[in-house]
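If you want the building blocks of each chain, they are given just below.
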Amino acid sequence: MSRRMNNILVIGATGQIGSELTPALREKYGQDSVIATYYTTKSGGDLGEGPLEELDIMDKKATARIIDQYDIDSVFNLAAILSAKGEENPAEAFRVNVIGFFQLLQLGLKFDLNRIIIPSSIGVFGPEVPSENAPNETVLRPTSMYGVTKVTGELLGNYYYNKFGLDVRGLRLPGIVSSKTLPGGGTTDYAVEVFYEAIRKGHYTSFVREDTTLPLMYMPDCIKSLIDLAEADLEALDHHCDFNVSSMSFTAGDLARKIEEIIPEFTYDFQPDERQEIADSWPNSMDDTPAREEWGWEPSYDLDAMAKDMIEKLKVKLGENAS
Ligand code: NAD
Ligand code: SER
């Protein structure tokens, strides 16, 4: 049986995913039961009401102090250096994504935590994997430092579950598209930037080729996947830290044309940079059968629904500049 999540810590709560996961958890579990932490970037107060602390995940004593002070039993660890930033500073990516997470696992045992949830990523895959419907079980030889750290995170989490019974769970998220907080330096950032630039400037120059196809997901589905996996019955799980979760796949060209359907004056072109190599090493789509079978994963949004919602939300957010 899964142990209950009562007092939840969100590390890296002001990032792209945390800024939407935190209010969703607060809505569900109560504002004082969800403790948000930020690192260098404090939120403008849009995480919902509730405790907010500064925390560097590398500071093990400070992490332990917060777990103890708030009687934390469950942790969503969103602290990470993403793929593009990870290539700029591989040592920092290794430090935060691997050492920071390893220290958290050690604290998980020390404090007998009920649950640790970690997003993994399409970044675990490398060029040898079948590009269409990359299987859940396949060779994992990523070519980016981000991917190396994400595979290591999955293996560490599975090891702590198998060896010590610590309930660690994780899923391989596609690139996430959202309107609230800009992405933090990944390869799939083009799929968010294109919406902002279409509304602000009417033009976007994509840093990946027109034919680049990647798995992507809209934020409401991402939040649902994280919470559904966290709440799944432990006994139903054969996998733990390495679930593929799929939603939609399309080319950068398809995305631009979809936006053009809604904003006819939008223009775009493609000037690939160094991030193209990372995008080319990732599959076009993933097979997520284990997630569907073991905890009932099912996405809600397709490209049409996402593009419409993104444009509506960003027009409100970006105010007068929006047409
Ligand atoms: P993000 O870059 O927006 O947020 C990451 C957060 O980590 C930031 O708020 C940053 O301040 C924080 N952080 C960095 N160093 C830290 C440290 N030393 N101590 C504490 N916090 C630190 O990223 P995100 O998109 O919100 O990603 C969250 C998780 O989801 C990551 O594990 C990422 O790999 C994974 N993921 C994201 C996507 C995506 O498209 N956004 C896709 C797949 C997986
Ligand atoms: N969006 C993430 C990145 O591009 C995928 O994990 O780094």
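In case you missed it, the structure is sitting above this.
Residues numbered from 1 in each chain as written. Chains lettered and ligands numbered in written order. Predicted model: local features only at pLDDT ≥ 70, side-chain atom pairs only at ≥ 80, totals over all residues. Heavy atoms only, no water.

Asks: Hey, could you go over the site of ligand 2 for me, with residue numbers and the actual values?
Replies: Every residue near ligand 2 is listed here: Leu82, Ser83, Ser121, Tyr146, Gly186, Thr187, Thr188 and Trp282. In this structure, Thr188 approaches ligand 2 through a side-chain N or O atom, which is 2.6 Å from a nitrogen atom. Within the complex, the protein chains bury 93% of what would otherwise be the 240 Å² of accessible surface of ligand 2. When its residues are assigned to classes, the shell around ligand 2 shows three nonpolar, five polar and no charged. (Near = heavy atom within 4 Å. Polar contact = N/O pair within 3.5 Å; in protein donor to acceptor, adjacent residues only side chain to side chain. Areas by Shrake-Rupley, 256 points an atom, 1.4 Å probe, with all protein chains shown as cover. Nonpolar A, V, L, I, M, F, W, Y, C, P; charged D, E, K, R; others polar.)

Asks: Could you give me a rundown of the layout of surface pockets, with the residues and numbers involved?
Replies: Roughly 190 Å³ of volume is contained in the second largest pocket. What lines the second largest pocket is Ala84, Glu87, Glu88, Thr143, Ser144, Glu274, Arg275, Glu277, Ile278 and Ser281. For the lining of the second largest pocket, the secondary structure elements donating two or more residues are helix H3 (83-88) and helix H9 (275-281). It is H9 that contributes the most residues to the lining of the second largest pocket, four residues altogether. For the lining of the second largest pocket, the per-class residue count stands at two nonpolar, three polar and five charged. (1 Å grid on protein atoms, 1.4 Å probe; cavity = no way out; pocket = protein on both sides within 12 Å on 5 of 7 lines; lining within 4 Å. Points joined across faces, edges and corners; volume = space filled by probe spheres on them. Helix = DSSP H or I, 4+ residues; strand = E, 2+ residues; numbered from the N terminus.)

Asks: Before we move on, can you summarise the packing of helix H4 (residues 90-110) against helix H5 (residues 145-164) with the specific residues and values?
Replies: At their nearest, the axes of H4 and H5 sit 9 Å apart, and the two run at 10° to each other. In terms of axis orientation, H4 runs roughly parallel to H5. Residues Pro90, Ala93, Phe94, Asn97, Val98, Phe101, Phe102, Leu105, Gln106 and Leu109 of H4 touch H5, and the partners they reach there are Met145, Tyr146, Thr149, Thr152, Gly153, Leu156, Gly157, Tyr160 and Phe164. By residue class, the composition of the contact of H4 with H5 is 13 nonpolar, six polar and no charged. (Axes fitted to C-alpha atoms, helices over the stretch in contact; angles between N-to-C directions. Parallel < 35°, antiparallel > 145°, perpendicular 65-115°, else oblique. Contact = heavy atoms within 4.5 Å.)

Asks: An account of the nonpolar core is requested, with residue identities and associated values reported.
Replies: By size, the foremost hydrophobic cluster in this structure holds 41 residues, and its most contacted members are Val177, Tyr190, Phe195, Leu255, Ile259, Phe266 and Met306. Among the elements of the structure, H5, helix H6 (190-200), strand S9 (213-218), strand S11 (248-251), helix H8 (252-262), H9 and helix H11 (303-318) are those that each provide at least two residues to this core. Tallying contributions element by element places H6 first for this core, with eight residues. Dropping the residues within four chain positions of it, Met306 is found in contact with Val177, Tyr218, Met248, Phe250 and Tyr301. Among the nonpolar cores identified, the runner-up in size contains 32 residues, and Val34, Ala232, Val245 and Trp295 belong to it. (Core = buried A, V, L, I, M, F, W, Y, C linked by side-chain atoms within 4.5 Å. Buried < 20%, exposed > 50% of the residue type's maximum accessible area, 1.4 Å probe, protein only.)

Asks: Please provide a residue-by-residue account of the site of ligand 1, values included.
Replies: Lining the immediate environment of ligand 1, one finds 25 residues, of which Gln16, Ile57, Tyr146, Lys150 and Ile176 sit closest. At 2.7 Å, a side-chain N or O of Lys150 approaches an oxygen atom of ligand 1. Burial of ligand 1 by the protein chains amounts to 93% of its free accessible area of 830 Å². Here the shell around ligand 1 gets three residues from one element, more than from any other, and that element is strand S5 (residues 115-121). Class assignment of the residues belonging to the shell around ligand 1 gives a composition of 14 nonpolar, nine polar and two charged.

Asks: Go over a nonpolar patch on the surface, please, and point to the residues and values.
Replies: The grouping of Leu109, Tyr159 and Phe164 at the surface amounts to a nonpolar patch, some 280 Å² of accessible area in total. Examined against the element boundaries, Leu109 turns out to sit in helix H4. (Patch = residues over 30% accessible without salt bridge, like charges linked within 9 Å, V, L, I, M, F, W, Y side chains within 5 Å. Salt bridge = Lys/Arg side-chain N within 4 Å of Asp/Glu carboxyl O.)

Asks: I'd like a description of the sheet that holds strand S10 (residues 243-244), backed by residues and values.
Replies: If you walk across this open sheet you meet the seven strands as S3-S2-S1-S4-S5-S6-S10, and the pairing is parallel. Every other strand in the sheet has two partners, leaving strand S3 (52-54) and S10 as the edge strands with one partner each. Pairing between S5 and strand S6 (residues 168-173): six bridges, direction parallel. For Ile117, the partnering residue across the bridge sits in S6 and is Arg169. Along the sheet, H4 contacts strand S1 (8-11), strand S4 (74-77), S5 and S6; its crossing angle with S5, the most-contacted strand, is approximately 160°. Sheet strands touched by H5: S5 and S6. Its angle to S5, the strand with the most contacts, is close to 150°. (Pairing = 2+ DSSP bridges.)

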